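The primary structure of each chain is shown beneath.
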Amino acid sequence: MSFTPAKWPRKLRSQSWFAGTSRDSIYHRGWLKNQGYPHDLFDGRPVIGILNTWSELTPCNGIHMKELAEKVKAGIWEAGGFPVEVPVFSASENTFRPTAMMFRNLGALAVEETVRGQPMDGCVLLVGCDKTTPSLMMGVASVDIPAIVVTGGPMLNGHYKQQRVGSGTHLWKFSEAVKAGEMTQEEFVEAEASMSRSTGTCNTMGTASTMASMAEALGMALSGNAAIPAVDSRRRVIAQLSGRRIVQMVKDDMKPSNIMTKDAFENAIRTNAAIGGSTNAVIHLLAMAGRCGIDLTLEDWDRCGRDIPTIVNLMPSGDYLMEEFFYAGGLPVVLKRLGEAGLLHNDAVTVSGESIWDEVKDVVNHNEDVILPADKALNQSGGIVVVKGNLAPKGAVLKPSAATPALMQHRGRAVVFEDIDDYKAKINDPDLDIDETCVMVLKNCGPKGYPGMAEVGNMGLPPKVLKKGITDMVRISDARMSGTAYGTVVLHTSPEAAAGGPLAVIRNGDMIELDVANRRLHVDISDEEMTARLAEWVPTHEQPESGYAWLHQHHVQGADTGADFDFLKGCRGSAVGKDSH
Ligand code: FES
């Protein structure tokens, strides 16, 4: 797939604000000049918006993002562009309530209008924490002006008592150890600081690292971007190079629609399997494809990910962390391996203007413990599995690389929690009728139900099971799971309970069968019984009456299509409305 650059010079969209001597042009230029910009900056050179998600309440997108923005600016100046830094909506997975996912679409909406309504010819997306990457990519895909992704990069490795500790992954592990009586509360608090020892995103192959990898595999970031640690000087170098590059992309008129093609999405899905990436990538890529007008489905996830070995030995599936992934060669090595195996659309074009294969064909793997040979893969079939059946007619997902092989085929008695509060109220009760053969079922945690589809699908096991030394059970919900989490966890069950899906009517004692090999998720009740139960169902989740929560409740779509808002799908272009002055 080749890209043909547009002719240069030509008139850019920013010139509809700045060119000429009309009262409106003088008004637009004049106000910007109060920041000390010389007149010749408005001469038709590319105006580049640096969309910065830095926030002190998004600690993953930390203070270093301000420095990265300065490096991007340096690159834009060097290439003859005019940089303008624009703060945009930011939501951290670890602070935003009820869940950052509820605000991904709000961020995307804000970014879309921020870009379309202002004089930008291209933009640099400075992103990091889980939702910031897809929300900005969705927003610019709906405007379709040249854009390049620069992620903030992961934190350095965590260490506690000579042990490598990973963001999130060890939070879950230590929390279960405290419940099992294997770790004291004091040790848990001591370990807390050891997990986050520098600025940056989660250092595991969690959702932030996954989405950084997805951006690179889609071709929307410069090669090698995903794994460079936040505090490594090379992170600042790639920021500057990205600044240089976006100017040329504007001159060439190289837009997201030229890059984010169906082939590019298939490359990303296969990459996700190879890296043992987060299940959240499923939702985000489906939503991004929807913005690009590309027909991407859950079936594409299952088809493309099938039989792709997970070769990146990173937590939560493996042993290492993003810092070591970078030293081993990072994502380019994985893309090269996929290409060599005939699993990459090699000619997919990237923001560099080169094909993805040209970008990676000469890279070297520096550590075969971190990026494994295929015969030593963590899992020979690492792709996200999509299961369907009378419990999930529109599908549910499971990440095999994070699951227990022995539980991939399992039949057990349902123990049902009506919502997350019900779960919290019951899970520590020694009289709860549950053992390790049961299937834990959590309802009302989907896009409408929680609301916002929180990362609670990897609900912790009951203490009385943990104390037996059991570390995994089959769990089913309409929730998401943190990319840093693990377990035999069936997620995103669709339709969700709050939308009246079959999950809503599962009862304690129902027998549930999970059969990953045959992609089946079944509850052992007759069709007649299911119909009768669904006919009696009434929603129990809270119904907001106003505000953003109302908008979300009425317009969010199912997880099986990406949980975007119905009215935001597709590309609306960059045409500017009338001037108001
Ligand atoms: Fe923000 Fe992991 S919680 S990157």
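Described below are features of the structure shown in this document.

**Some words on the overall build of the chain**
Within the chain, the secondary structure is distributed over 20 helices and 14 strands. For 581 residues, the compact-globule formula gives about 25 Å, and the C-alpha radius of gyration of the chain, at 24 Å, lands near that figure. Counting the 581 residues in the chain, one finds 62% classified as buried. In the chain, the share of contacts with a sequence separation of at least 24, taken over all contacts with a separation of at least 6, comes to 76%.

**Description of the packing of helix H8 (residues 207-218) against helix H11 (residues 262-275)**
Contact geometry of H8 with H11 gives a least axis separation of 8 Å together with a crossing angle of 140°. The angle between H8 and H11 places the two elements in the oblique class. In this structure, the crossing between H8 and H11 has a hand that is right-handed. For the pair H8 and H11, the contacting residues are Thr210, Ser213, Met214, Ala217 and Leu218 in the first and Ala264, Phe265, Asn267, Ala268, Thr271, Asn272 and Ile275 in the second. Grouping the amino acids of the contact of H8 with H11 by side-chain chemistry returns seven nonpolar, five polar and no charged.

**A few points about helix H13 (residues 298-305)**
Among the eight residues that make up H13, six are buried, leaving the element largely enclosed by the rest of the structure. Within the sequence span of H13, burial applies to Leu298, Asp300, Trp301, Asp302, Cys304 and Gly305. Aspartate 307 lies just past H13 and shows a positive phi near 65°.

**Focus on unusual backbone geometry**
For the bond from tryptophan 8 to proline 9, the omega torsion is 5°, close enough to zero to count as cis. You can see proline 9 is positioned in the segment before helix H1 (15-18). Note that the residue after methionine 315, namely proline 316, is joined by a cis bond; omega there is 10°. Looking at the secondary structure, you find proline 316 in the loop between H13 and helix H14 (322-328). A positive phi angle is found at lysine 161, which is not glycine, with a value near 50°. One can find lysine 161 in the loop between strand E5 (158-160) and strand E6 (163-165). Taking relative accessible area as the criterion, lysine 161 reaches 53% and is therefore assigned exposed. Of note in this structure, methionine 453 is not a glycine but carries a positive phi near 65°. Looking at the element boundaries, methionine 453 is found in the loop between strand E10 (439-442) and helix H18 (463-466). You can call methionine 453 buried: its relative accessible area is 1%.

**Quick notes on the packing of aromatic side chains**
Using the criterion set out here, one finds 14 aromatic pairs in the structure. On the numbers, 5.3 Å between centres and 85° between planes, the contact of phenylalanine 417 with tyrosine 423 is edge-to-face. Chaining the aromatic ring pairs together yields one cluster made of Phe89, Phe96, Phe103, Tyr548, Phe565 and Phe567. Lying over the aromatic face of tryptophan 54, lysine 66 brings its terminal NZ or CZ to 4.2 Å of the ring centre.

**As for the environment of valine 387**
Relative to the helices and strands, valine 387 resides in strand E7 (residues 385-389). For the pair valine 387 and alanine 497, spaced 110 residues apart in sequence, the C-alpha to C-alpha distance is 17 Å. Leaving out residues up to four positions away in the same chain, valine 387 has contacts with Ala392, Gly395, Ala396, Val490, Leu514, Arg519, Arg520 and Leu521.

**With respect to the pattern of salt bridges**
When their charged atoms lie close together, side chains carrying opposite charge are able to pair. On inspection of all chains with the given rule, the structure shows 37 salt bridges. Where aspartate 422 meets lysine 426, a salt bridge forms, and the shortest distance between an N and an O atom there is 3.0 Å. With aspartate 422 and lysine 426 both in helix H17 (residues 420-426) and four residues apart, this pair spans about one turn of that helix. Within the structure, one salt-bridge network assembled from shared partners comprises Glu112, Glu113, Arg116, Arg291, Asp564 and Arg572.

**Focus on the sheet that holds strand E4 (residues 147-151)**
With parallel pairing, the four strands of this open sheet are ordered in space as E2-E1-E3-E4. Edge positions in the sheet fall to strand E2 (82-87) and E4, since each has one partner strand and no second. Averaged over all neighbouring strand pairs, the angle between strand axes comes to 20°, with direction disregarded. As paired strands, strand E3 (residues 122-127) and E4 are joined by five bridges and run parallel to one another.

**Observations regarding the packing of H11 against helix H15 (residues 331-340)**
Closest axis-to-axis distance for the H11/H15 pair is 10 Å, and the angle between their directions is 110°. The angle between the axes of H11 and H15 places the two elements in the roughly perpendicular class. In terms of crossing hand, the pair formed by H11 and H15 is right-handed. Packed against H11, whose contacting residues are Arg270, Thr271, Ala274 and Ile275, the element H15 presents Leu331, Val334, Leu335 and Leu338 at the interface. A class-by-class count of the residues in the contact of H11 with H15 yields six nonpolar, one polar and one charged.

**Observations concerning the nonpolar core**
Ranked by internal contacts, the top residues of the largest apolar core, which has 101 residues, are Leu51, Leu285, Trp301, Phe325 and Val334. By size, the runner-up hydrophobic cluster in this structure holds 28 residues, among which are Met408, Ala504, Leu514 and Val523.

**Some thoughts on helix H4 (residues 104-116)**
Taking 1.5 Å per residue as the helical rise, H4 with its 13 residues ought to reach 18 Å, and the 18 Å between its terminal C-alpha atoms agrees with that figure. By the burial criterion, the buried members of H4 are Arg104, Asn105, Gly107, Ala108, Val111, Glu112, Thr114, Val115 and Arg116.

**Digging into the pairing of strand E12 (residues 489-494)**
Among the six residues that make up E12, six are buried, leaving the element largely enclosed by the rest of the structure. Pairing of strand E8 (residues 392-398) with E12 involves two bridges; the strand directions are antiparallel. Bridge pairing in E12 places valine 397 opposite leucine 491. Direction of pairing for strand E11 (residues 474-477) relative to E12: parallel, over a ladder of two bridges. From the neighbouring strand, arginine 475 faces E12, where its bridge partner is valine 489.

**Details of the side chain of glutamate 513**
Relative to the elements of secondary structure, glutamate 513 occurs in strand E13 (residues 511-515). Since its relative accessible area comes to 18%, glutamate 513 is described here as buried.

**A closer look at the environment of methionine 315**
The residue methionine 315 is located in the loop between H13 and H14 in this model. Between the C-alpha atom of methionine 315 and that of glycine 277, which follows or precedes it by 38 residues, the distance is 9.9 Å. Among residues more than four places away in sequence, those in contact with methionine 315 are Arg164, Gly166, Thr169, His170, Thr204, Met205, Tyr320 and Leu321.

Reading guide: rules and limits
- Residues numbered from 1 in each chain as written.
- Predicted model: local features only at pLDDT ≥ 70, side-chain atom pairs only at ≥ 80, totals over all residues.
- Heavy atoms only, no water.
- Helix = DSSP H or I, 4+ residues; strand = E, 2+ residues; numbered from the N terminus.
- Rg over C-alpha atoms; globule rule 2.2 N^0.38 Å.
- Buried < 20%, exposed > 50% of the residue type's maximum accessible area, 1.4 Å probe, protein only.
- Contact = heavy atoms within 4.5 Å.
- Axes fitted to C-alpha atoms, helices over the stretch in contact; angles between N-to-C directions.
- Parallel < 35°, antiparallel > 145°, perpendicular 65-115°, else oblique.
- Left-handed = near helix turned anticlockwise from the far one by under 90°.
- Nonpolar A, V, L, I, M, F, W, Y, C, P; charged D, E, K, R; others polar.
- Phe/Tyr/Trp six-rings, centres within 6.5 Å; stacked < 30°, edge-to-face > 60°.
- Lys NZ or Arg CZ within 6 Å of the ring centre and 35° of its normal.
- Salt bridge = Lys/Arg side-chain N within 4 Å of Asp/Glu carboxyl O.
- Pairing = 2+ DSSP bridges.
- Core = buried A, V, L, I, M, F, W, Y, C linked by side-chain atoms within 4.5 Å.
- Expected span 1.5 Å × (residues − 1).

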